[in-house]
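Chain residues, written in single-letter form:
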Amino acid sequence: MLAAGVSVVLLWLTWTLVGDAVAEVPQMPPGTTVRVDGVVVEASTLAEHLRDQARQRVLVAGAVAFCCVVAAAGILAWTLTSRVLRPLREITTTARRLSGESMGERIGALRTRDELAELAETFDAMLDRLQAAFEGQRHFVANASHELRTPLSVIRTELDVTLADESADEAELRRMAEVVRHATERAENLVNSLLLLARTDGAGLAATEPVDLATVVDSAWRAVLTEARQRELRVELNTVSTPVAGDPALLERVAGNLLENAVRHNLDGGWVEVSTHPGAHWSMLRVRSSGALVDPATVTELFEPFRRAGVARTARSGAGLGLSIVRAAVQAHGGTLSAEPVVGGGLAISVYLPAVPG
C-alpha cells in the first residue's frame, strides 16, 4: 500500500511536469500549419496537441510502471515478512504447545541472528526456569504428602487397633492417646513449617529494623539449652554485638533452626560452636557442630525441603524443613549462606546478612 501510494504521487507529478514543460513551446505566427503524426494542425493548437499526447504517453507508461512497482513491492514485502515472521510463528506455536505436562518444549536456535533470535533465547531461558520451578513444586508436594502421610497413618493404625480390641482397658486407651498426641504434634509442626516456608520463600520483607545477632542467638540458645545438656554437648558461644537490618522474628527463626539442627543432629558428648562477626557491609553468623560424616557433594542438597543430614526419612526428629526455611529467610533479607563439612564429621554453616549502615 505504501509503494502504491508513492507511485501514484510520482505519476501525478510526472503528468503535471510534462504538461507544464510542453506548454512552454514557442508560439508560431497565426495561420501557420504543421504536420504532426500525419495530421495537419494549426500552429496555435500545437502546444495543446503536444501536451495531450505527452500526457497520454506518460499515463500509459506510468500505468505499466505502476503495476510493475506494486507487484514487485508486494512480492518483496511478502517474502521479507514471511522470513521475518517465521521465527515469531515458531515461538507462538511452541508457546501454544506448552502445558504443565510438556514443559520440555523449546524453540531452539534460529537461523537468523537478530532481535528475534535473542527473543527466542530469552524465551527458552524463561522456560528453563519455569520447568525447574514446576519440577521443584511437584517434588515439594510429593515430599510434603509423604511426610504428612506418616503421622496420619500412625493415627489411623492406632485407632483401628484399639477399636478392634474389645477388651481394651484404660491403660491401653491412654497409650493409644499418647501415640496419637505425638503424631498430631508432628503433623502440626510440619504444617507450621510449611506455612512459614511458603510465606518466606521468594518473598521480600515488609519492614526491616536493626537487630543484634548476638541477642537473637542468646534467645535461640535458651530454647535448646535443656536438650544440649541432656546430650552432654560442649558448647562455645563467641557472640559479640552484631547489628544487622532485618525482620526480628525471621532472624530468630534462622538462629533457632541452625542451633536446633546443631543439637539434634549431633553426637552424644559432641560439641557446638556459635560465633557472630560484625562487618562494615556484611555481618556473619556461623554455627559449627560435630555429627555424622557428610558427603561434600551432597551439602547443597541439605537446603532442599525434606532433606536431613545423616537421618532417615522416617525419623521422628523433625521434617527436614529447617535449613530450607533458613535459606528462604536469608534470601528474603538479601543475604547469602554457605555450608561445608567438618573434618571428622559434622557441618559448618555461615550466614551473611547486610549490616546496619554506620
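Residues numbered from 1 in each chain as written. Predicted model: local features only at pLDDT ≥ 70, side-chain atom pairs only at ≥ 80, totals over all residues. Heavy atoms only, no water.

1. Focus: the sheet that holds strand E6 (residues 271-277)
Reading across from one edge, E4-E6-E7-E9-E8 is the order of the five strands in this open sheet, with mixed pairing throughout. Bordering the open sheet on either side are strand E4 (234-238) and strand E8 (336-341), each of which pairs with just one other strand. Across the sheet, the mean angle from the axis of one strand to that of its neighbour is 10°, orientation sign disregarded. Inspection of the sheet shows strand E7 (residues 282-289) paired to strand E9 (residues 347-354) by eight bridges, in the antiparallel sense. For Ser289, the partnering residue across the bridge sits in E9 and is Leu347. Sitting on the sheet, helix H6 (residues 248-264) touches E6, E7 and E9, and the angle it makes with E7 is about 20°. (Pairing = 2+ DSSP bridges. Helix = DSSP H or I, 4+ residues; strand = E, 2+ residues; numbered from the N terminus. Axes fitted to C-alpha atoms, helices over the stretch in contact; angles between N-to-C directions. Contact = heavy atoms within 4.5 Å.)

2. Quick look at the confidence of the model for the protein
Averaged over every residue, the pLDDT of the protein is 78; residues scoring 70 or more account for 75%. Here residues 310-317 scores under 50 on pLDDT; set against residues more than four positions off or in separate chains, the count is 14 contacts. (pLDDT = per-residue confidence, 0-100.)

3. Describing the nonpolar core
Counting residues in hydrophobic clusters, the biggest one holds 34 residues, and the most contacted among them are Leu258, Leu259 and Leu285. Elements with a minimum of two residues in this core: helix H5 (213-230), H6, E6, E7, helix H7 (322-332) and E9. It is H6 that provides the largest number of residues to this core, a total of eight residues. Excluding residues that lie within four positions of it along the chain, Leu285 makes contacts with Leu213, Val217, Ala255, Leu258, Val274, Ser275, Thr276, Ile349, Ser350 and Val351. Ranked by size, the runner-up nonpolar core spans six residues in total, among them Leu98, Ile107, Ala120 and Leu127. (Core = buried A, V, L, I, M, F, W, Y, C linked by side-chain atoms within 4.5 Å. Buried < 20%, exposed > 50% of the residue type's maximum accessible area, 1.4 Å probe, protein only.)

4. Quick word on the pattern of salt bridges
As enumerated under the stated definition, the model contains 11 salt bridges in all. Measuring nitrogen to oxygen at the nearest pair gives 3.8 Å for the salt bridge that ties Arg156 to Asp160. Placement of the pair is Arg156 and Asp160 together in helix H3 (residues 115-164), with a separation of four residues, close to one helical turn. Residue Arg174 pairs with Glu170 through a salt bridge whose shortest N-O separation is 3.1 Å. With Arg174 and Glu170 both in helix H4 (residues 170-200) and four residues apart, this pair spans about one turn of that helix. Residue classification places Glu170 among the exposed positions, given a relative accessible area of 52%. Among the charged side chains, a network of salt bridges with common partners joins Glu227, Arg253, Glu260 and Arg264. (Salt bridge = Lys/Arg side-chain N within 4 Å of Asp/Glu carboxyl O.)

5. Here we look at the packing of H6 against H7
Running from N to C, H6 and H7 point in directions that differ by 150°, and their axes come no closer than 9 Å. The two elements H6 and H7 cross, and the hand of that crossing is left-handed. Residues Leu250, Arg253, Val254, Asn257, Leu258 and Asn261 of H6 form the contact with H7, whose own contacting residues are Gly322, Leu323, Ile325, Val326, Ala329 and Val330. Looking at the contact of H6 with H7 residue by residue, the classes come out as eight nonpolar, three polar and one charged. (Left-handed = near helix turned anticlockwise from the far one by under 90°. Nonpolar A, V, L, I, M, F, W, Y, C, P; charged D, E, K, R; others polar.)

6. Comments concerning unusual backbone geometry
For Glu232, which is not a glycine, the phi torsion comes out positive at approximately 55°. Counting through the fold element by element, Glu232 comes out in the loop between H5 and E4.

7. As for the environment of Ala117
Relative to the helices and strands, Ala117 is located in helix H3. Sequence spacing of Ala117 and Leu88 is 29 residues, and the spatial spacing of their C-alpha atoms is 9.7 Å.

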